[in-house]
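# Architecture at a glance
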Amino acid sequence: MLRERGELTSAEVKTVARTVGVHERTVWRRLERARAAGTADLAPRSRYCVTDEVRIKLAYYRGNIKRVHQEMLEEADDPKQVPSLTTLHRAVKLDLAPGDLAGLRSGIPASRALDPHLKRPPTCRNEEWEGDHKQAPVLVWADGRLVKPWITWFCDCHTGVTMGWAVTPHYPHRGSILAALRSCILTDDIHGPAGGLPRRIRIDRGKDFLSRAVTQAMGSFGVHVDVLPPYTLHLKGSIENLNRAATSMFFSTLPRYTKTQKLDTKHRAEEKDPALTFENFVDLFAQWVRTRNTEHRMAGRGNLTPMDSWNSDTTPPERATAEGPACLPDGRRTLHPHHPRARDPLAGP
């Protein structure tokens, strides 16, 4: 339009070239083509496309593109009419979804792992919680030996607040789950301000989550428990995202992290560093949870922190009676049957 009015200068061409990321001569050349063709759109390039026959061959050879190319060369009267292996790879990548190719190679479960999942509609705070166990990939000292602590925690799906947690130096059990739930529900000076009773909780099919003690505790508060089918991690994405964030943002920064870079086939970096004590690990973990709740800004939630999102929600949380949480066993008298000297679980807000 500037050129038609006679107002186009080199300054505009330089600005467009810098913005688009091309050379100035490219912009002048495109202008000449646009004048000749009457449009500024580029003509589509002709390329090789995957046909139904190629799809059948891919299914027959379990997604082996090179084997399909070999058969195409064997069947062709003129090998020059067959696209190159690189061209065939490019066409398969453009025309087949990643899940389709994974399904041809490994089956339906591999294909489902690449399926897109829709987001749940927005709700309100305390509408849905998700809970899980997470073994920290960090070695700490507990009872005179190096162990990997286990974390049991719950998060609010709408606001992203970590509602409560419990840490044990041994495999978690129903006592650690009840201790974590107790810290979630209470709203006193230690455990608050986020808290209250959820309407539903999503959990996996772990035996400790399905134990009679946990079921009766949630039933006494009228909380609906959704037990998910096996191998459906995408159905509790909020807590799985929290597990990944804890690994990449917190556990990986601690001494004796078990997934550091490999120096050779047997040794890893920093494997000789002094290990934290269990108490120090719990203190650092509590500090990280508080920092994440109050300082971590989430782009998917309007660049708000979890606590800002919680406080901006006007839905009144349902408070438990004073006697209710007191009736919840906090896990301090429940020991793992296979660890008679196991330390009591430490619960935190």
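Look a little higher up for the structure.
This write-up is about the structure you can find in this document. (Residues numbered from 1 in each chain as written. Predicted model: local features only at pLDDT ≥ 70, side-chain atom pairs only at ≥ 80, totals over all residues. Heavy atoms only, no water.)

### Thoughts on the layout of surface pockets
In this structure, the largest pocket spans a volume of roughly 950 Å³. The wall of the largest pocket is formed by 28 residues, among which Lys119, Cys157, Gly237, Ser238 and Arg301 lie closest to the centre. At the level of secondary structure, the elements contributing two or more residues to the lining of the largest pocket comprise strand 4 (150-156) and helix 10 (237-249). In terms of residues, the lining of the largest pocket owes the most to one element, helix 10, which gives 6 residues. Of the residues belonging to the lining of the largest pocket, the class tally is 9 nonpolar, 10 polar and 9 charged. (1 Å grid on protein atoms, 1.4 Å probe; cavity = no way out; pocket = protein on both sides within 12 Å on 5 of 7 lines; lining within 4 Å. Points joined across faces, edges and corners; volume = space filled by probe spheres on them. Helix = DSSP H or I, 4+ residues; strand = E, 2+ residues; numbered from the N terminus. Nonpolar A, V, L, I, M, F, W, Y, C, P; charged D, E, K, R; others polar.)

### Thoughts on the side chain of asparagine 293
Note on placement: asparagine 293 falls in helix 11 (residues 278-295). Under the relative-accessibility criterion, asparagine 293 is labelled buried at 8%. Of the polar contacts made by the side chain of asparagine 293, one reaches the backbone nitrogen of threonine 162; its length is 3.0 Å. If we ignore the near neighbours within four places in the chain, the residues touching asparagine 293 are Gly160, Val161, Thr162, Thr305, Pro306 and Met307. (Buried < 20%, exposed > 50% of the residue type's maximum accessible area, 1.4 Å probe, protein only. Polar contact = N/O pair within 3.5 Å; in protein donor to acceptor, adjacent residues only side chain to side chain. Contact = heavy atoms within 4.5 Å.)

### Comments concerning the pattern of salt bridges
Under the defined criterion, the tally for this structure stands at 13 salt bridges. Between aspartate 95 and arginine 47 there is a salt bridge, and its shortest N-O distance comes to 2.7 Å. You can see aspartate 95 sitting in helix 5 (residues 85-95) and its partner arginine 47 sitting in the loop between helix 2 (24-37) and helix 3 (52-60), a full 48 residues away along the chain. According to the relative accessible area criterion, aspartate 95 is partly exposed, its value standing at 24%. (Salt bridge = Lys/Arg side-chain N within 4 Å of Asp/Glu carboxyl O.)

### Points about the pairing of strand 4
The buried fraction of strand 4 is high, at 7 of 7 residues. Burial of the side chains of strand 4 extends over both faces: Trp150, Thr152, Phe154 and Asp156 are buried on one face and Ile151, Trp153 and Cys155 on the other. Direction of pairing for strand 1 (residues 128-135) relative to strand 4: antiparallel, over a ladder of 7 bridges. Considered in strand 4, the bridge of histidine 133 is made with threonine 152. As paired elements, strand 4 and strand 5 (residues 162-168) share 6 bridges and run antiparallel to each other. Looking at the pairing, threonine 152 lines up with alanine 166 of strand 5. (Pairing = 2+ DSSP bridges.)

Note that every value here comes from positions in space, so none of it alone points to a role or purpose.
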